[in-house]
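A closer look at the structure
Residue strings, one per chain:
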Amino acid sequence: ENPSLPPPLWPSFYFAMLSKKTKETVQKIPLMKIRAGPRDKEQWVARLKEELKSLITYVNNNKKNDNDWFFIAPNADGTKWSGKCWTYHEMQKYEFVLEFEIPITYPVTPFEICLPELDGKTVKMYRGGKICLSAHFKPLWSKNAPRFGVAHALALGLAPWLAAEIPSLVDAGLIMSKSEQKQSK
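Values in this document were obtained by computation on a predicted structure and should not be read as measured data. Residue positions are given per chain, counting from 1 as you read along its sequence in written order. Per-residue local features of the predicted model are confined to residues with pLDDT of at least 70, and side-chain atom pairs are confined, for both listing and counting, to 80 or more; whole-chain, interface and lining totals are unaffected and use all residues. Heavy atoms from the whole structure form the basis of all side-chain values; hydrogens and water molecules are not counted.

This brings us to the nonpolar core. The term nonpolar core refers to a set of buried residues drawn from Ala, Val, Leu, Ile, Met, Phe, Trp, Tyr and Cys, joined through side-chain atoms within 4.5 Å. Each residue is assigned to one of three classes by its accessible area relative to the maximum for its type, calculated with a 1.4 Å probe on protein chains only: buried under 20%, partly exposed between the two thresholds, exposed over 50%. Residues L115, L154 and L158 are the most contacted members of the largest nonpolar core, which totals 43 residues. Of all the elements in the fold, those that place two or more residues in this core are α3 (42-64), β1 (70-74), β2 (80-89), β3 (92-101), α4 (137-144) and α5 (150-171). Helix and strand assignments follow DSSP, with helices taken as H or I runs no shorter than four residues and strands as E runs no shorter than two, numbered in order from the N terminus. At 12 residues, the largest contribution of residues to this core is made by α5.

Another aspect to go through is the layout of surface pockets. Estimates place the volume of the largest pocket at around 770 Å³. Those elements that provide at least two residues to the lining of the largest pocket are α1 (12-17), α2 (20-27), β2 and α5. The element best represented in the lining of the largest pocket is α5, accounting for 10 residues. Each residue gets one label: Ala, Val, Leu, Ile, Met, Phe, Trp, Tyr, Cys and Pro are nonpolar, Asp, Glu, Lys and Arg are charged, and the others, such as Gly, are polar. A class-by-class count of the residues in the lining of the largest pocket yields 19 nonpolar, 8 polar and 5 charged. Throughout, the protein atoms alone are placed on a 1 Å grid, and a set of points is a cavity if a 1.4 Å probe fits but cannot get out or a pocket if it is open with protein on both sides within 12 Å along at least five of seven lines; lining residues have an atom within 4 Å of a point. Grid points are joined across faces, edges and corners, and a volume is the space filled by probe spheres set on the points.

A separate point is the packing of α3 against α5. Where helices are involved, their axes are fitted lines through C-alpha atoms of the stretch in contact, as for all axes, and angles between N-to-C directions lie from 0 to 180°. It is at 7 Å that the axes of α3 and α5 come closest, and there the two elements cross at 40°. As summarised for this structure, α3 and α5 are arranged oblique, according to the angle between their axes. Seen from α3, the contacting residues are E51, S54, L55 and Y58; seen from α5, they are V150, A151, H152, L154 and A155. When its residues are assigned to classes, the contact of α3 with α5 shows 6 nonpolar, 2 polar and 1 charged. Reported orientations rely on four angle classes, namely roughly parallel under 35 degrees, roughly antiparallel over 145, roughly perpendicular from 65 to 115, and oblique for the rest. Residue contacts are defined here by distance: any two heavy atoms, one from each residue, within 4.5 Å place the two residues in contact.

Given a rise of 1.5 Å per residue, 22 residues ought to cover 32 Å, and the 30 Å separating the end C-alpha atoms of α5 matches this to within 8%. Taken as a whole, α5 carries its principal kink of about 30° at L162. Backbone geometry just downstream of α5 places G173 in the positive-phi region, at approximately 75°. Residue count minus one, scaled by 1.5 Å, sets the expected span of a helix. At every residue, the bend is computed as the angle between two fitted axes, covering the seven residues ending there and the seven beginning there respectively.

Note: two strands are recorded as paired if DSSP finds a minimum of 2 bridges between them. Overall, antiparallel pairing links the 3 strands, which are arranged β1-β2-β3 in an open sheet. Strands at the two margins of the open sheet, each flanked by one partner only, are β1 and β3. The mean inter-strand angle of the sheet, taken between neighbouring strand axes irrespective of direction, is 15°. Taken together, the 10 bridges between β2 and β3 define a ladder with antiparallel strand orientation. Each residue of the ladder has a partner; that of C85, found in β3, is F96. Along the sheet face, α3 touches β1 and β2 and points at about 165° away from the line of β1.

Below, the discussion takes up the packing of aromatic side chains. Here the distance between the centres and the angle between the planes together describe a pair of aromatic rings. Only rings of Phe, Tyr and Trp enter the pairing, Trp through its six-membered ring, and a pair is recorded when the two centres are within 6.5 Å. The plane angle decides the type: under 30 degrees is stacked, over 60 is edge-to-face, the rest tilted. Throughout the structure, instances matching the rule amount to 10 aromatic pairs. Ring plane angle 90° and centroid distance 6.1 Å describe the contact between W44 and Y106, whose orientation is recorded as edge-to-face. In this pair, W44 sits in helix α3 while Y106 sits in the loop between β3 and β4 (125-126), placing the two residues 62 residues apart along the sequence. Among the residues examined, Y106 registers a relative accessible area of 2% and is labelled buried. An aromatic cluster is present here, built from W44, W81, F100, Y106, F111, F137, W141 and F148 joined pairwise through their rings. Criterion for a charge above a ring: Arg CZ or Lys NZ at most 6 Å from the ring centre, at most 35 degrees from the ring normal. Stacked on the ring of W86, the Lys or Arg K93 has its end atom at 5.0 Å from the ring centre.

Tracing the sequence through the fold places S177 in the loop between α5 and α6 (178-183). Its relative accessible area of 0% is what places S177 among the buried residues. Side-chain atoms alone can form a polar contact between residues adjacent in sequence; in general such a contact is a pair of N or O atoms within 3.5 Å, and within protein one must be able to donate a hydrogen while the other accepts it. A polar contact of 2.8 Å, which involves the side chain of S177, links it to the side chain of Q92. Engagement of the side chain of S177 in a polar contact is seen with the side chain of S179, the distance being 3.2 Å.

So, about the packing of α4 against α5. Following both chains from N to C, one finds α4 and α5 inclined at 150°, their axes separated by 10 Å at the closest point. As the angle between them shows, α4 and α5 are arranged roughly antiparallel. Regarding α4 and α5, the two cross each other, and that crossing is right-handed. Together, F137, L140 and W141 of α4 and H152, A153, L156 and G157 of α5 make up the contact between the two elements. Residue classes in the contact of α4 with α5 are distributed as 5 nonpolar, 2 polar and no charged. Crossings are sorted by hand: turned counterclockwise from the far helix by less than a right angle, the near helix makes the crossing left-handed, and turned clockwise it makes it right-handed.

Written out as structure tokens, the structure reads:
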């Protein structure tokens, strides 16, 4: 544990909104100790190792709890990540391409999570399929940088966004489940 970094800060308004299960899940994700971004060369390599270790822990915990919901992998230098995320609604699976780029000012600045297939389908999204995290997640990130990493962004940013937005998109008829897509071909 890095003594120069205080423990994570949980703004009471945001932490109160999280379910008990989400709080327990996030508290099991290891915090980052190295403050480095892509332009920090060797330090970035060390930070990337921490990120991967934290992600592995998060994925393993999710699998143990039968809550596997994403796959993601970085490019060789750890600046571009891509994969898939999925969620279930009314017994149907909805799967999406997931991608993001680490900004040069990371970890002070969080990355923008992009679901390109959903571009233009909800007001809770910016151009290019970048999900809106400004109201709830970004203040939490700024209070916890550089301790938060990729796993924290997925757990506290993407997961709640999917849980809130996908049912609305389904109800509006804007997206189809994997099985519905196969049937329509």
